[in-house]
Amino acid sequence: MTTRKTELIDQLAAHWQAIKTRPIKDLFTADATRFSAFSRHHNGMLLDFSKSALDDKAFSLLLDLARAVDLEAKRDAMFRGDRINTTEQRAVLHTALRLRDQRPFHLDGHDIMADIIAERAKMFALAEGVRSGKISGSSGFAFTDVVNLGIGGSDLGPAMATAALAPWHTGPRLHFVSNVDGAHLADTLIGLNPETTLFIIASKTFTTIETMTNAQSARRFIAERLGDQAIADHFMAVTTALDKAAEFPVRADRITGFWDWVGGRYSIWSSIGLPLAIAIGAEHFEKFLDGAGALDEHFQSAPLDQNLPVLLGLIGIWHRMICDYPTRALIPYDQRLARFPAYVQQLDMESNGKRVALDGSALDKPSGPIVWGEPGTNSQHAFFQLLHQGTDIIPVEFLIAAKPERAALEEHHDLLIANCLAQSEALLIGRSEEEAKAQLVARGLSADAAQALAPHRVFTGNRPSVTIAYEKLDPTQLGALIALYEHRVFVEASIFGINAFDQWGVELGKELATSLLPFVKGDKKDPSLNGSTAGLISFLTNR
Ligand code: F6P
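A brief structural summary. No experiment lies behind these values; they were computed from the predicted model shown.

**Some details on the site of the ligand**
So, step 1. In the vicinity of the ligand lie 13 residues, with G153, S154, S203, T205 and T208 positioned nearest.
So, step 2. Between S203 and the ligand, the recorded distance is 2.6 Å, taken from a side-chain N or O atom to an oxygen atom.
So, step 3. Within the contact set of the ligand, an oxygen atom lies 3.3 Å away from a side-chain nitrogen or oxygen of Q346.
So, step 4. Within the complex, 86% of the 390 Å² of free accessible area of the ligand lies under protein.
So, step 5. Class assignment for the residues of the shell around the ligand results in two nonpolar, eight polar and three charged.

Right, here's the structure in full:
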């Protein structure tokens, strides 16, 4: 670590030790302007971090920390197309996919903007063909159902965004099959008519075993019902490995590509967005790109202390590196964002779940936190008990829209907002033992009974949260939200000093699954397998 970075982290840690028992609620009593001082607006989006323990000193040290790691220079290097993914020698240019200024963009002397424009035109042509019925099944019927076969970044982005933008759906029904568990495909296919079903094989590498296995089974589903000659009409592919898709075989005019400078978990903006484009159409997909593009411009131009992704990243750093909180919960009070926590989980944990620095040396400070969550209000009736009274402090990030979008039951929205605010308020203020006791006595309990019950009804409070509020969830807003979280991951990675764009940690399990398969199938026996794995194989294959 650079000396300046170490110094700042030490200063932040010392400051935290000095203030950690100070109730956050007291900061509001001491400063009537705290909300405006510790919240920021951009393009109809509000980031309120006043319910965290940050004070002026911590805030200013965090901004110094961002400067000490040359955050702005690192950001510019990413947008410029430098090979910042050093372990794979790749540029990281998902941002080029939503550049609204479509002037030539040269990477290694090649204009990638021309490629982007051509491939997007192909994706939109395929999407519009399916939507209009011009592209049909082998019997000439328009497609009523589209099944995306992909996993990780080739599933979570399109699945999340398709659910989020349900009110804009004007195309056929969308389904997403990711798991190699045959139940996922089999259950999805129940009730689907092969004549009107289209499969999209979505895989950056076109080698991922789950997706390839599902694609082969889907192929059989079509072949057995409609004949081999029908296969070509019922498959499309999205990949960087055009040759492998052609070998499947998928017809060349049904394959749309992307490039190695788009990471899987950053690929929703590329042809991986084909299912979303089929669902909402090209015009709304462009708005989705606009939202992300505008957030990119903000990230590149706003001063650090006004910059939403920078601030969200610094709050994350404060909670993880300084306060040592191991996890953070992401709770959208927006049912259509039900898959957003799972999406951000891959984005964040596959990017920042690293144990070594860029130079390969072991980190001496924590890196990415565990990210998890479910929509509110459901989560209130599931795990909020632990958030309020558990022994760990878990910072919460609430997402909430001011207005519902075409909700059938608009009056529900007031209740949704009230619940969201009630949770962050309860986490903040808590309830003391005296208050709990007085409340019980007021309800008619004896002093002794109130004394015995009160500790169970205490809320320590002083539990930090952040609220991200926006006008309404529409394609533009969704694009901005995703880009906000993408750049937040980048900001945190820059401070952790890690490469956010590789994912070697997924490799070992994949290799071992391949080598264990012959033992599971019973084709091989290996006395050197460890006792647990050998015992489990014996139990699981004794069928
Ligand atoms: O799980 C690892 C991973 O490589 C992810 O990064 C990626 O999103 C997913 O697998 C799917 O990969 P592909 O698109 O190549 O099938």
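**Structural notes on the pairing of strand β5 (residues 145-149)**
So, step 1. Counting buried positions along β5 yields five of five residues, so the element is predominantly enclosed.
So, step 2. Side chains D145, V147 and L149 project from β5 onto one buried face, and the interleaved V146 and N148 project onto a second face that is buried too.
So, step 3. In the sheet, β5 pairs with strand β6 (residues 173-177) via five bridges, with the strands oriented parallel. From the neighbouring strand, L149 faces β6, where its bridge partner is V177.
So, step 4. Regarding the hand of the β-α-β motif, the stretch spanning β5, helix α7 (residues 156-164) and β6 is right-handed.
So, step 5. Both β5 and strand β7 (residues 197-202) contribute to a ladder of five bridges, which runs parallel. Each residue of the ladder has a partner; that of N148, found in β7, is I200.

**A word on a nonpolar patch on the surface**
So, step 1. A surface patch of nonpolar side chains, amounting to about 360 Å² of accessible area, comprises L536, F539 and L540.
So, step 2. Inspection of the secondary structure puts L536 in helix α20 (residues 531-541).

**Overview of the packing of α7 against helix α13 (residues 340-352)**
So, step 1. Viewed as axis vectors pointing N to C, α7 and α13 meet at an angle of 155°, and their least axial separation amounts to 9 Å. For the element pair α7 / α13, the angle class is roughly antiparallel. Along this stretch, α7 crosses α13, giving a crossing that reads as left-handed. In this structure, α7 contributes L156, G157 and M160 to the contact, and α13 contributes F340, A342, Y343 and Q346.

**Side note on the layout of surface pockets**
So, step 1. Taken as a whole, the largest pocket encloses approximately 1,200 Å³ of empty space.
So, step 2. In terms of lining, the largest pocket is formed by 43 residues, of which the most central are I151, T205, T208, V506 and K510.
So, step 3. Counting only elements with at least two residues in the lining of the largest pocket, the list comes to α9 (209-226), α13 and α19 (507-521).
So, step 4. The element that contributes the greatest number of residues to the lining of the largest pocket is α19, accounting for seven residues.

**Observations concerning the side chain of R328**
So, step 1. Relative to the elements of secondary structure, R328 occurs in strand β10 (residues 327-333).
So, step 2. Using a relative accessible area of 5% as the deciding quantity, one classes R328 as buried.
So, step 3. Within polar-contact distance, the side chain of R328 engages the side chain of D348 at 2.7 Å.
So, step 4. Those residues within four positions of R328 in sequence are excluded, and the remaining contacts are G316, D348, P369, I370, V371, W372, I394, P395, E397, R488 and E492.

Calculation rules
Residues numbered from 1 in each chain as written. Predicted model: local features only at pLDDT ≥ 70, side-chain atom pairs only at ≥ 80, totals over all residues. Heavy atoms only, no water. Near = heavy atom within 4 Å. Polar contact = N/O pair within 3.5 Å; in protein donor to acceptor, adjacent residues only side chain to side chain. Areas by Shrake-Rupley, 256 points an atom, 1.4 Å probe, with all protein chains shown as cover. Nonpolar A, V, L, I, M, F, W, Y, C, P; charged D, E, K, R; others polar. Buried < 20%, exposed > 50% of the residue type's maximum accessible area, 1.4 Å probe, protein only. Helix = DSSP H or I, 4+ residues; strand = E, 2+ residues; numbered from the N terminus. Pairing = 2+ DSSP bridges. Right-handed = clockwise from strand over helix to strand, strands pointing away. Patch = residues over 30% accessible without salt bridge, like charges linked within 9 Å, V, L, I, M, F, W, Y side chains within 5 Å. Salt bridge = Lys/Arg side-chain N within 4 Å of Asp/Glu carboxyl O. Axes fitted to C-alpha atoms, helices over the stretch in contact; angles between N-to-C directions. Parallel < 35°, antiparallel > 145°, perpendicular 65-115°, else oblique. Left-handed = near helix turned anticlockwise from the far one by under 90°. Contact = heavy atoms within 4.5 Å. 1 Å grid on protein atoms, 1.4 Å probe; cavity = no way out; pocket = protein on both sides within 12 Å on 5 of 7 lines; lining within 4 Å. Points joined across faces, edges and corners; volume = space filled by probe spheres on them.

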